[in-house]
Every structure is written in structure tokens, then in C-alpha cells.
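This is what each chain is made of:
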Amino acid sequence: MKNQSITNNLDWICVIIYGLLVLMGWLNIYSSSLSSLEGTFEKQLIFIVLTIPLIFIIISIDGKFYEKYASIIFGISLLSLAGLFVAGKTIAGQRCWYAIGSFTLQPSEFAKAATALALAKYLSDSQINLKDANKQIQALLIVFLPVLLILPQPDPGSALIYSIFIIVLYREGLPSWYVWTGFVTILLFVFTLILEPQYVILLSLLIIIFIHFKSRLSERNIVLSSILFVAISGFVLSVNYVFNHVFKQHHRDRFNILLGKSVDMKGIGYNTNQSEIAIGSGGWFGKGFLEGTQTKGGFVPEQHTDYIFTTVGEEWGFIGSLLVIGLFVGLILRIIYLAERQKTKFSRVYGYCVAGILFIHFFVNIAMVLGIFPTIGVPLPFFSYGGSGLWGFTILLFIFIKMDANKVNEW
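On a predicted model such as this, the values are computed, not experimentally measured, just so you know.

1. Digging into a nonpolar patch on the surface
A cluster of nonpolar side chains, namely Trp180, Phe183, Val184, Leu187, Phe191, Ile194, Leu195 and Tyr199, defines an oily patch on the protein surface of about 790 Å² accessible area. Among the elements that line the nonpolar patch, the one with the most residues is helix H10 (residues 176–194), at six residues. With respect to the helices and strands, the residue Tyr199 is situated in helix H11 (residues 197–215).

2. Here's the deal with the sheet that holds strand S2 (residues 94–100)
Spatially, S1-S2-S3 is the arrangement adopted by the three strands of the open sheet, whose pairing is antiparallel. Here the strands that pair on one side only, and so sit at the sheet edges, are strand S1 (89–91) and strand S3 (103–105). Taken over all neighbouring pairs, the strand axes of this sheet differ in orientation by 55° on average, direction set aside. One ladder, built from three bridges, connects S2 with S3; its direction is antiparallel. Within S3, the residue paired with Ala99 across the bridge is Thr104.

3. Concerning the nonpolar core
Formed by 95 residues in total, the largest nonpolar core has its most connected members in Leu169, Tyr350 and Phe382. In terms of residue count, helix H17 (residues 345–369) provides more of this core than any other element does, 15 residues in total. With sequence-adjacent residues up to four places away left out, Phe382 is seen in contact with Tyr18, Leu21, Val22, Gly25, Phe328, Leu331, Leu358, Leu390, Phe393, Thr394 and Leu397. Grouped together as the second largest cluster of nonpolar side chains are six residues, Val200, Ile201, Ile232 and Val236 included.

4. Remarks on the packing of helix H2 (residues 12–33) against helix H3 (residues 40–60)
H3 packs onto H2 with a crossing angle of 165° between their chain directions and a minimal axis gap of 8 Å. One way to sum up the angle between H2 and H3 is to call them roughly antiparallel. For the crossing formed where H2 meets H3, the hand is right-handed. Contacts from Tyr18, Val22, Trp26, Ile29, Tyr30 and Ser33 of H2 reach H3 at Thr40, Phe41, Gln44, Leu45, Ile48, Thr51 and Ile55.

5. Points about the environment of Gly330
With respect to the helices and strands, Gly330 occurs in helix H16 (residues 309–340). Along the backbone, Gly330 and Ile13 are 317 residues apart, and their C-alpha atoms lie at a distance of 9.3 Å.

Basis of the calculations
- Residues numbered from 1 in each chain as written.
- Predicted model: local features only at pLDDT ≥ 70, side-chain atom pairs only at ≥ 80, totals over all residues.
- Heavy atoms only, no water.
- Patch = residues over 30% accessible without salt bridge, like charges linked within 9 Å, V, L, I, M, F, W, Y side chains within 5 Å.
- Areas by Shrake-Rupley, 256 points an atom, 1.4 Å probe, with all protein chains shown as cover.
- Salt bridge = Lys/Arg side-chain N within 4 Å of Asp/Glu carboxyl O.
- Helix = DSSP H or I, 4+ residues; strand = E, 2+ residues; numbered from the N terminus.
- Pairing = 2+ DSSP bridges.
- Axes fitted to C-alpha atoms, helices over the stretch in contact; angles between N-to-C directions.
- Core = buried A, V, L, I, M, F, W, Y, C linked by side-chain atoms within 4.5 Å.
- Buried < 20%, exposed > 50% of the residue type's maximum accessible area, 1.4 Å probe, protein only.
- Contact = heavy atoms within 4.5 Å.
- Parallel < 35°, antiparallel > 145°, perpendicular 65-115°, else oblique.
- Left-handed = near helix turned anticlockwise from the far one by under 90°.

Right, here's the structure in full:
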């Protein structure tokens, strides 16, 4: 009776949207791999079938288990990431996988859920106040520990995903200057790549002077404004060095193409160019399932993984693409709605983490495919080929669905 009650309390809107996205994802993997990647869609079907017992295991476990053992789960996740440096398999220059026979497992896909649990556990402590600098450092440490293990693999795409946790922390009381600092840093970085550093510094000075007089700052804040200007100037002057000596050549190429500083339609810009052609050729209603010429011709590399949305655009057209985007937006908004209804802070924070992770994956992947974001290898949830990604997102989502179903037993 208890299991039946829990099943009845599941949010079936989330479950149905999840099922539709997984089904649509498999259909697009089938289409994109049918002519050139024999066996890919069969493997993905196996991964999908294996999610069924995985889901039943997740919802059969008591909801309090995830809160009680969040720290242990996080610790195991960190060990699995660290173990890659010893026993990981290198594919395409990245040491991100454990090889298990013919299958590979990518621990960074599961680390997202583990980090979300750990952060929710930390923030749910009644003694935690994110106005306290020490608490801020401890919360940020939870976020950046997996990042420090993922970046050297190297896997900048997976590392980028963790930036969304800053928004969750802001929702729970982190001072807004953290968010503004990150936003301004990105803007300064991009503008410095487009313009000469001296122009960016001059523009920054004018903005600081304007804000100073507009806000009628005190003499004491003149010193703070001066420190801010020096810090901004130092950062701007360091951008070109970081870009030329820290970034790898393929990262520099992708940024240069994105910013219009170079054109390489046959080299590093080939993927983006072909994906734009494929999506644009779909028109309003698409060419039809299995009828995409770009897809069938294999013109878009990695079309079954990071560029899976190009198949949607070519074969399903604008209307089909809008349907897929609508399902993702609907799922994310539904999770946010459910998060606000939770009776415990742990469940609420975890819900926001889930919504944030799905959003940044969805947003960055589609922006990447449309050529408005650099290619960094961020998969589209439930669509892109891979067992680790599918299982990781499934675990992430259904732990929250379980928590939401359990809220009837919370006081």
C-alpha cells in the first residue's frame, strides 16, 4: 500500500514529459545514426530499457535516504572523478571515462546529482547563513571541488555546468555581487577579445565615474571605486595573455570564429556551419522523419551526440523544434513550481539545482548548435547519445520526483 501511495503521488506531468523527451531523443538518434553509425541506436535503446529498473529503484528508496547520505554520495562521486587520473580511459584526448568491456561510464554525469544533493544538504542546515563569508566559502567549495577534478581531464563543457549552482546559492541568500561579478567578468572578457584593451579600460572608467556621481558616493567609496578600476584594468590587461597562453588552440579558434575574427568553414568552424545549414534547411515543417539530406549524408559530425538538435531542425522543422524546446521549458518550469511547494529546505534547494542543471544544458547545447555559443561539448538532456548522460539526468530528475512524492509525509 505504501509503494502504491508513493506511485500515486508521483508528479506525472514531469514523468510524461521525461518519457516524451527520451522517446523523441531515441527517434532522432535512430535517424542520425542509421546510415553511418550502425548499432548506435540499438545501444541507446538498451540504455533506455535499463533506465526503467533504475527509476523503480530510485522511487522505492525512502526519500530521507538522499538527505541522510548526501555527503557520502558526494564523497564517492569525488573519488570516482579522482580515480580517472589513475584508471580512466582516454578518448579524443579526454580522460573522462571508465571502460567496462565495450561500454564506457562517465562519472562527471553522475557528479551533478551528487553535488546537488551535497549543496542541498549543506544549505538545509539551520545554522547556515550565506551572508557569512565563511559559509559562502564552504558552499562554493562544494561546487568547485568537482570542477577542479573535471577541468584537468580536460572537460570544460562539464565544468561549465557547475556555474549554475551560483544562481541556486543566490536564490538561498548569496550576496548579489557574486552574480554581478561573474556576469561583468564574462562581458569584460568578450569585449576585450573584440576591442583593444585600452578602449575597454576607458569604457570601464567612464561607467565607474557615471555610477559614482549618479549614486552620490561618499569619499570613502572613492577609494573603493579606485580599487575596482584597478582590478578591472588588471583583469582586462591579462585577458590576451590568458587567451593566447592558457586556452588551447582549438578553444581560441572557436572563440575567434564565434566573434567573427576568423572564418574557417572547412576546419574548426565546419561543425557549426553544417549544423546551421541543416537546421535552416528544415523550414517550417521539416523534410520528414528519415528524410534529412544533411543527416543522411553525414555532413554534421557528432550529430548523434552534441549536435543531435540539428536532426530535429532538419527533419522536424521549426514547428518540431518549437515542440522540443516547449517540452524542455515546460519541464524546467514544472520543477521550479514543485520546488517552491516543498516542505523542506533540502528538497527545495535540490529542486532548484535540478532545474538549473537541465536549463544550462538545454540552453548551452542549443546555443552551441545555432552558432551563438562556442562548441564545448555539452549534451542535450535525454536526447544526446550515451548511457552515462541518460542515466545521470534520469537519476537527477527522479530523485527530485521522489522527494516531491514524499512531501505528503513531511510536516
